[in-house]
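# A structural walkthrough
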Amino acid sequence: MVAPDEREQTPVIPPTISLPEITLKGVLLSIILAAVLAGANAYLGLFAGITVSASIPAAVVSMAVLRCFRRANILENNIVQTAASAGEALAAGVIFTIPALLLIGYWTTFEYWRTTATAAVGGLLGVLFTIPLRRALIIRARLKFPEGIATAEVLKVGAMPKPDGESAGQGRGAQAAGGFRTLLAAGLLGGAVKFGEAGFGFWAEALEGASKIGRSVIYLGINLSPALLAVGFIIGLNTAVVVFLGGMLGWLILMPAFGAYIGVPEGLTGTAAAKALWSSHIRYVGIGAMLVGGLWTITQLRGPVLESLRTLKDAYWETRRHNPQAQPSPRTERDATLPWIIIPFVLSLIPMALLYQGVVESGLVAVVMTLVMIVAAFLFSAVAGYMSGLVGSSSNPISGVTIATIMLASLLLVLLMGRGHPAGPAAALLIGAVVCCAAAMGGDNLQDLKTGHLVGATPWKQQVMQVVGVATAAVVIVPILTLLQAKYGIGEITPDHPHPLSAPQATLMASLAQGVFGGALPWHLVAVGGLLAVSIILLDRRQAARGSSFRLPVLAVALGIYLPLKLSTPILVGGVIAELVRRTMSGGNGQATNRGLLFAAGLVTGEALMGIMLALPIVLTSLWPSLGTDPFRVFETPPLGGWPGAVVFTAVAACLYRAAISSSRREA
């Protein structure tokens, strides 16, 4: 285990001091931020297959808003970011799985109550399972939880007095106001760019083209999205390069090779031919790579899982041996009590068992599905919690554990229901959806509890607010998904939606579930992807043995193969900017990087919210037909293609770089 920094073990607010934490204004702000960030993460995940943590932006917004009130404190700000980040984490779990039910044809629209129940139960299980894990992984195992520490540092800086003698409130106000201005400016910029592209239609969303080479075709492209640029900045150069290498492998090596062997689809040329080859062949190679990568990840985590369970068992028996006559535990160590864990846990199983019963029409199978869901949700919540303690929740292998869950659930259900059962794929996906939500919440919640541990929060109050964040996201996620489906389409190209949101994870889950039950997967292509994944794993182990800082995580490479190349390219550009900033700031104080992360988070949020708002006219058309579905659109077809967007994209990249380094220059 990694020993923590001694300074991290002294909370900002000691246990002997009690400050207001759950307040009316804090709860209201938490609900608003949880809803907004859930929508933003839903859009980003469906668009690019990648989600980002919202803890730091939520903390900054909280400090900026609550400073307007006379009484606000660091623990109240921590409560707000706890609920807000829970909302965005649940959205990630939903969009990785639930859209697959539409892609397999089981649903035609997002069913509100079923989706809400699935999301709420999965999120609640993630919260409940992390309550005993808090003591096991944060107190006993002493894992680092890097994002939790980073968020705590942001909260501490906002609470510190200025060096020139200003009060703590003035210091907090200055820090929060600066961060909020950065977020707001970036959000307005990201929203304006999205409005110019998808609203007015001034330019195309991407620059792309393909050329025929013999019997085959080669494709190049770049999406001009500020959100993807920001994602690359947030995840850093190593991960961005790895994702792009996967894209190059799929689109610049495998696609020409398959095209030379089988030829391009008859009657198609250019980008249409390239995308058809990807859809019919390359994406199945990506599925194979993701499948092997997910199983490998689970295998690699057997040690951390066993250690987590062992620590949890030791903590439980230590609690049982506790002398009831002894002094009560400090405020900063009070988790939710056992009845508040067991009763909600039991009650949450009832709606899922009924939902499963309605899908499979068999009480026995529904009970088996519920038991599988419980075991997998707890196991993978522990996995996600342990991994977030090591590498951060943004690097959690949620896709991998969900792939493993759906594959194992599908194989079990085939034995119980038969291979050709029409409800089989939907049943496996619903199990995977709950587990994915629980795992996403597990990693994020423990990061928040680590932040609370450092600032001196009361754990049970944070756990209550995590439930508030889950409930908020579960309630709003279906309207958001419905808007995105109506405006852009999800996963499948149709005449009405020629450029849909790619939803890579949901498309992958749908293909896996259908393939196991119907035998529709081209297993020879899946096997090619599996062999590629094995090669990547061996290369990564070689890099580890050499002590190299450049690693090749197999799931990141597999995601690159599966993603359209035009999405991987701007992510690479963002990673390069992050590396340029890091080198420019070498020896600096680190504030510029924080400002760059806030600017990047603002770009993501602004573009995502504008993308959702542009979908509103489609819903309002039923009330006011004269409004039209695209009332702002000036050009039906962009007159200059994507070139104006390329100029705007370059300008946004320059703004991101300048924002990231400007504070260090001011310090100098």
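Preceding block: the structure.
The following refers to the structure shown. (Residues numbered from 1 in each chain as written. Predicted model: local features only at pLDDT ≥ 70, side-chain atom pairs only at ≥ 80, totals over all residues. Heavy atoms only, no water.)

A count of helices and strands for the chain gives 23 helices and 2 strands. The proportion of buried residues among the 668 residues of the chain is 56%. As displayed, the chain offers around 27,100 Å² of accessible surface, 65% of which is attributable to carbon and sulfur atoms. (Helix = DSSP H or I, 4+ residues; strand = E, 2+ residues; numbered from the N terminus. Buried < 20%, exposed > 50% of the residue type's maximum accessible area, 1.4 Å probe, protein only. Areas by Shrake-Rupley, 256 points an atom, 1.4 Å probe, with all protein chains shown as cover.)

A cluster of nonpolar residues, Ile 343, Leu 347, Ile 350 and Leu 354, forms a patch on the protein surface that exposes about 410 Å² of accessible area. Mapped onto the fold, Ile 350 is located in helix α12 (residues 338-360). Ile 350 gets classed as partly exposed once you look at its relative accessible area, which sits at 47%. (Patch = residues over 30% accessible without salt bridge, like charges linked within 9 Å, V, L, I, M, F, W, Y side chains within 5 Å. Salt bridge = Lys/Arg side-chain N within 4 Å of Asp/Glu carboxyl O.)

Right, let's get into helix α2 (residues 55-66). Helix length check: α2 (12 residues) gives 16 Å between terminal C-alpha atoms against 16 Å at 1.5 Å per residue, within 8%. Taking burial as the measure, the 12 residues of α2 include 10 buried ones, the bulk of the element. Every buried residue of α2 is listed here: Ser 55, Pro 57, Ala 58, Ala 59, Val 60, Val 61, Ser 62, Met 63, Ala 64 and Leu 66. (Expected span 1.5 Å × (residues − 1).)

Ranked by internal contacts, the top residues of the largest apolar core, which has 165 residues, are Leu 90, Tyr 356 and Leu 413. In terms of residues, this core owes the most to one element, helix α15 (residues 424-455), which gives 14 residues. What Leu 90 contacts, discounting residues up to four positions off in sequence, is Ala 119, Gly 123, Cys 437, Met 441, Val 470, Ala 473 and Ala 474. One finds Val 61, Ile 74, Val 154 and Val 455 within the second-largest nonpolar core, a separate group that totals 26 residues. (Core = buried A, V, L, I, M, F, W, Y, C linked by side-chain atoms within 4.5 Å. Contact = heavy atoms within 4.5 Å.)

Across the interface, helix α5 (residues 112-140) lies against α12 with an axial gap of 10 Å and an inter-helix angle of 150°. One finds that α5 runs roughly antiparallel with respect to α12. As α5 runs across α12, the sense of the crossing is left-handed. Residues Arg 114, Ala 117, Thr 118, Val 121, Leu 124, Leu 125, Leu 128, Phe 129 and Ile 131 of α5 form the contact with α12, whose own contacting residues are Trp 340, Ile 341, Pro 344, Phe 345, Ser 348, Pro 351, Met 352 and Leu 355. Taken together, the residues of the contact of α5 with α12 sort by class into 14 nonpolar, 2 polar and 1 charged. (Axes fitted to C-alpha atoms, helices over the stretch in contact; angles between N-to-C directions. Parallel < 35°, antiparallel > 145°, perpendicular 65-115°, else oblique. Left-handed = near helix turned anticlockwise from the far one by under 90°. Nonpolar A, V, L, I, M, F, W, Y, C, P; charged D, E, K, R; others polar.)

Here we come to the pattern of salt bridges. Taken as a whole and judged by the stated rule, the model has 12 salt bridges. Residue Glu 197 is joined to Lys 194 by a salt bridge in which the shortest nitrogen-to-oxygen separation is 3.4 Å. Taken together, the residues Glu 197 and Lys 194, both in helix α7 (residues 168-200) and 3 residues apart, mark about one turn of the helix. Accessibility assignment for this pair places Glu 197 and Lys 194 in one class, buried. Between Glu 208 and Lys 566 there is a salt bridge; the shortest N-O distance is 4.0 Å. Taken together, the residues Glu 208 in strand β1 (residues 206-213) and Lys 566 in helix α20 (residues 565-584) connect sequence positions 358 residues apart. Residue class for Glu 208 comes out partly exposed when judged on its relative accessible area of 28%. Salt bridges sharing common partners tie together Glu 205, Glu 208, Lys 275 and Lys 566.

Our focus in this paragraph is the packing of aromatic side chains. If you walk through the whole model with that rule in mind, you get 8 aromatic pairs. Where Phe 129 meets Phe 345, the ring centres are 6.0 Å apart and the plane angle is 55°; that geometry is what we call tilted. Taken together, the residues Phe 129 in helix α5 and Phe 345 in helix α12 connect sequence positions 216 residues apart. Judged by relative accessible area, Phe 129 falls into the buried class, the value being 10%. Their ring planes at 45° and their centres at 4.9 Å tell us that Tyr 219 and Trp 251 sit as a pair that is tilted. With a gap of 32 residues between them, Tyr 219 in strand β2 (residues 216-223) and Trp 251 in helix α9 (residues 237-262) connect regions that are remote in the sequence. Accessibility expressed as a relative area gives 2% for Trp 251, which makes it buried. Put simply, the rings of Tyr 43, Phe 47 and Tyr 488 touch in pairs and so form one group of aromatic residues. (Phe/Tyr/Trp six-rings, centres within 6.5 Å; stacked < 30°, edge-to-face > 60°.)

Attention now goes to the packing of α5 against helix α16 (residues 459-488). Across the interface, α5 lies against α16 with an axial gap of 9 Å and an inter-helix angle of 160°. Relative to α16, the element α5 is oriented roughly antiparallel. Viewed along their axes, α5 and α16 form a crossing whose handedness is right-handed. For the pair α5 and α16, the contacting residues are Tyr 112, Thr 115, Thr 116, Ala 119, Ala 120, Gly 123, Leu 124, Val 127, Ile 131 and Arg 134 in the first and Pro 459, Gln 463, Gln 466, Val 467, Val 470, Ala 474, Val 475, Ile 477, Val 478 and Pro 479 in the second.

Two residues of an α-helix separated by three or four positions point the same way, owing to the 3.6 residues in each turn. Taking 1.5 Å as the rise per residue, helix α18 (residues 523-545) with 23 residues should run 33 Å; its terminal C-alpha atoms sit 33 Å apart, in good agreement. The first or second residue beyond α18 is Gly 547, which carries a positive phi of 75°.

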